[in-house]
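One-letter residues, chain by chain:
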Amino acid sequence: MLLLCPYLWAQHDSITRLKEVIISDTQLQDFSGTQSVLRLNDSVIVRNGTSLTDLLRYNTVVYFKENGLGMVSSPSFRGTTAQQTAVVWNGININSQLNGLTDFNTINTRDFSSIAVRAGGGSVIYGSSAIGGSIHLNNNLTFADTIANSLYTSYGSYNTLGFNYNAKVSTKKTSVDFSITHNSSDNDYEYPDTDAHNENGQFDNLSANLALGFKLNENNILRLYNYVYDSERHFSGTVSAPSLSKYRDRNSRNMAEWLGTFGRFTSKLKAALLTEHYKYYARATNPDYTFGKVNTLIGRYDIAYQAAKNIKLNVIADVSHNEGNGSDIENAARTVTSFSFLMQHNVTKSLYYEAGLRREITDAYDSPMLFSAGARYNVSDFYAVKLNASRNFRIPTFNDLYWVGSGNPDLKPESSYQAEIGNEFTFNTLKLSLTGYYIKLRDMLRWVPVNNVWRPENVGRVNTYGAEAIAGWQKSYGNSRLTADATYAYTVSKEDGSSNQLIYVPLHKVTASLAYGYKQAAVYYRHLYNGSVFITSDNSDEVEAYNVATLGAEYTLPVCSGLTTGVQVHNLFDAAYANVTKRPMPGRNYTMYLNFKF
């Protein structure tokens, strides 16, 4: 809900001045001061795989359940499900209306200016699914005389090809951000310690992104966003059960946004059209398929008022209309209207607090009143403490409500209460964040057998608690640069009355990275430890813990300072591992890349 653009308030001037860099998802910076937000920079994005799964798996506390390399990938954030993690594109929640989640292998990271990970509840701001946390994909526009181009190409094992071109062109009145990405792979890697190969795992995807900005005058800006994604994936089977299926999905996201500033008021009007369409072929060579599609129209208006130099108020009205149909769901439509109120107050230089309320209105389900409240206090120059509490929710999906013969129109949204306390330490170039949290989830949606028919019901009650640590350090001396980063997550997630950990929720997850640069050369190492996960509700069987590492080196040519060449060794120690039972991941493999900036 608050989609304000950054601005400066002058004490003796009634005119609000817009900054040169304009971002759409400004609530991420304006109303996340009491929660943990991890921002990933350009160098981290370039040195990781192109999918959002690869980027976040090695650099955040988020755990991923991936059905083999490049296959369906779903996150678990703070012990919650994939449907309880929101993906936010330029301020708009883009989780599927069909199944409620985003497949993180369908997001190409190099199409975006910045990527951020916000831990904890955020439903007051971002709506459904922001229970465990939210992932933010932004295209920032700059109003300055700038021309920048970059071209990235890569080739790796299993005939894996990658390509990305990005252009940023701007003046003081206009701004353009364009990118196109293509990835493909035979994906026929050998299963470690066997003679078998990954069969029917090839994939190919293409995405294009365009963001346009027009500064009409000092107080008005028009922005247009467009994103298109098209892919075809053949779904490989398990070790014991081969597969011949394939899956095609085509998604588009389109948004127009008008930002206006009028004295102490800042208004933002958004109109968006989101489309999702999939086709599933049980046999890739057979023309028969099943399908599903949804079109979503969104209209949003928010107005912010700078009540005082240190107090900001925001009111947001939002309406979304979904229309969907498919082979297995009834033709259906629903309209959801929501109203939100946000407030932030800098009481002193050391004390800050924020609060929010949200209410949704629809005839498809009864929505609870949502709230959030948090405070931050800077105890000293090197230590700050943060407190946050909220109520969050997830709405039933089209599949839950309208699946032919099984849909349940009487479902209630999942609802959760959660609280967290965070501690931030800063010692010169070292930054450390320690956070403890507790989540109490009610009315969890599950598909259960009812009279021999599987139907969704509100039957789950889950309690989750844990701790997270994020550390970063960097040092420069002479021509040398040294950077180190690490994350750790401890997660306990159990149903009421049970002592068993939920399936596919690791008790421990650790990531670490170290990079050293000298003049034009750099070498980097990253490591992932993923604790074991149970695959049965009685905890009688599990997928074993694993360690996997990547070693990389790159060199910027002196004769062409914009050209960097690099090589990476993935799964450096050739570990035999899987994160889903009977779906092995690749052994040691390689990637070479060129990154040209001009």
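Residues numbered from 1 in each chain as written. Predicted model: local features only at pLDDT ≥ 70, side-chain atom pairs only at ≥ 80, totals over all residues. Heavy atoms only, no water.

Caption draft 1: Structural detail: the overall build of the chain. Along its length, the chain carries 5 helices and 35 strands. Radius of gyration (C-alpha) of the chain: 24 Å, near the 25 Å computed for a compact globule of 598 residues. Dimensions along the principal axes, computed over C-alpha positions, put the chain at roughly 75 × 70 × 45 Å. Buried positions account for 54% of the 598 residues belonging to the chain. Taking the intrachain contacts of the chain between residues at least 6 apart in sequence as the baseline, contacts between residues at least 24 apart amount to 61%. Of the roughly 25,200 Å² of accessible surface on the chain, 58% is carried by carbon and sulfur atoms. Of the charged side chains in the chain, 53 are positive and 52 negative; the average position of the first set lies 8 Å away from that of the second. (Helix = DSSP H or I, 4+ residues; strand = E, 2+ residues; numbered from the N terminus. Rg over C-alpha atoms; globule rule 2.2 N^0.38 Å. Buried < 20%, exposed > 50% of the residue type's maximum accessible area, 1.4 Å probe, protein only. Contact = heavy atoms within 4.5 Å. Areas by Shrake-Rupley, 256 points an atom, 1.4 Å probe, with all protein chains shown as cover. Lys, Arg positive; Asp, Glu negative; His and termini not counted. Charge placed at Lys NZ, Arg CZ, Asp CG, Glu CD.)

Caption draft 2: Region of the structure containing the side chain of Thr362. Residue position: Thr362 is located in the loop between strand E22 (351-361) and strand E23 (370-378). A distance of 2.9 Å separates the side chain of Thr362 from the backbone oxygen of Thr335, its partner in a polar contact. Engagement of the side chain of Thr362 in a polar contact is seen with the backbone nitrogen of Ala364, the distance being 3.2 Å. Among residues more than four places away in sequence, those in contact with Thr362 are Thr335 and Val336. (Polar contact = N/O pair within 3.5 Å; in protein donor to acceptor, adjacent residues only side chain to side chain.)

Caption draft 3: The sheet that holds strand E9 (residues 114-119), seen in detail. One open sheet accounts for 5 strands, arranged E4-E9-E10-E7-E8; its pairing is mixed. Sheet topology places strand E4 (37-40) and strand E8 (92-93) at the edges, where each strand pairs with a single neighbour. Alignment of E9 against strand E10 (residues 133-138), held across 6 bridges, turns out to be antiparallel. Opposite Val117, over in E10, you have Ile135 as the bridge partner. (Pairing = 2+ DSSP bridges.)

Caption draft 4: Local environment of a nonpolar patch on the surface. Together, Phe214, Leu216, Leu222, Leu224, Trp258, Phe262, Phe265, Leu269, Tyr301 and Tyr305 make up an exposed nonpolar region whose accessible area comes to about 840 Å². Sorting the residues of the nonpolar patch by element identifies strand E15 (203-217), strand E16 (220-234), strand E17 (246-262), strand E18 (265-281) and strand E19 (290-308) as the ones contributing at least two each. Under the relative-accessibility criterion, Leu216 is labelled exposed at 51%. (Patch = residues over 30% accessible without salt bridge, like charges linked within 9 Å, V, L, I, M, F, W, Y side chains within 5 Å. Salt bridge = Lys/Arg side-chain N within 4 Å of Asp/Glu carboxyl O.)

Caption draft 5: Focus on the packing of aromatic side chains. Tallying each qualifying case throughout the model produces 18 aromatic pairs. Arranged with centres 5.2 Å apart and planes meeting at 75 degrees, the rings of Phe398 and Tyr402 form a pair that is edge-to-face. In this pair, Phe398 and Tyr402 both sit in helix H5 (residues 398-402), 4 residues apart, roughly one turn of the helix. Overall, the relative accessible area of 0% leaves Phe398 in the buried class. A relative accessible area of 14% places Tyr402 in the buried class. Taken together through their ring pairs, the aromatic side chains of Phe382, Tyr383, Phe425 and Phe427 make up a single cluster. Its guanidinium or amino end placed over the ring of Tyr504, Lys65 lies 4.8 Å from that ring's centre, counting from NZ or CZ. (Phe/Tyr/Trp six-rings, centres within 6.5 Å; stacked < 30°, edge-to-face > 60°. Lys NZ or Arg CZ within 6 Å of the ring centre and 35° of its normal.)

Caption draft 6: The arrangement of the pattern of salt bridges in detail. Counted under the stated rule, the structure contains 23 salt bridges. Salt-bridge contacts for Arg376 lead to Glu424; the nearest nitrogen and oxygen are separated by 3.1 Å. Taken as a pair, Arg376 in strand E23 and Glu424 in strand E25 (residues 414-427) lie far apart in primary sequence, 48 residues in all. Residue Glu424 is classed as partly exposed on the basis of its relative accessible area of 24%.

Caption draft 7: Looking closely at the side chain of Ser51. Looking at the element boundaries, Ser51 is found in the loop between helix H2 (42-47) and helix H3 (52-57). Residue classification places Ser51 among the buried residues on the basis of a relative accessible area of 9%. Apart from residues lying up to four places away in sequence, Ser51 is in contact with Phe104, Asn105, Ile107 and Thr109.

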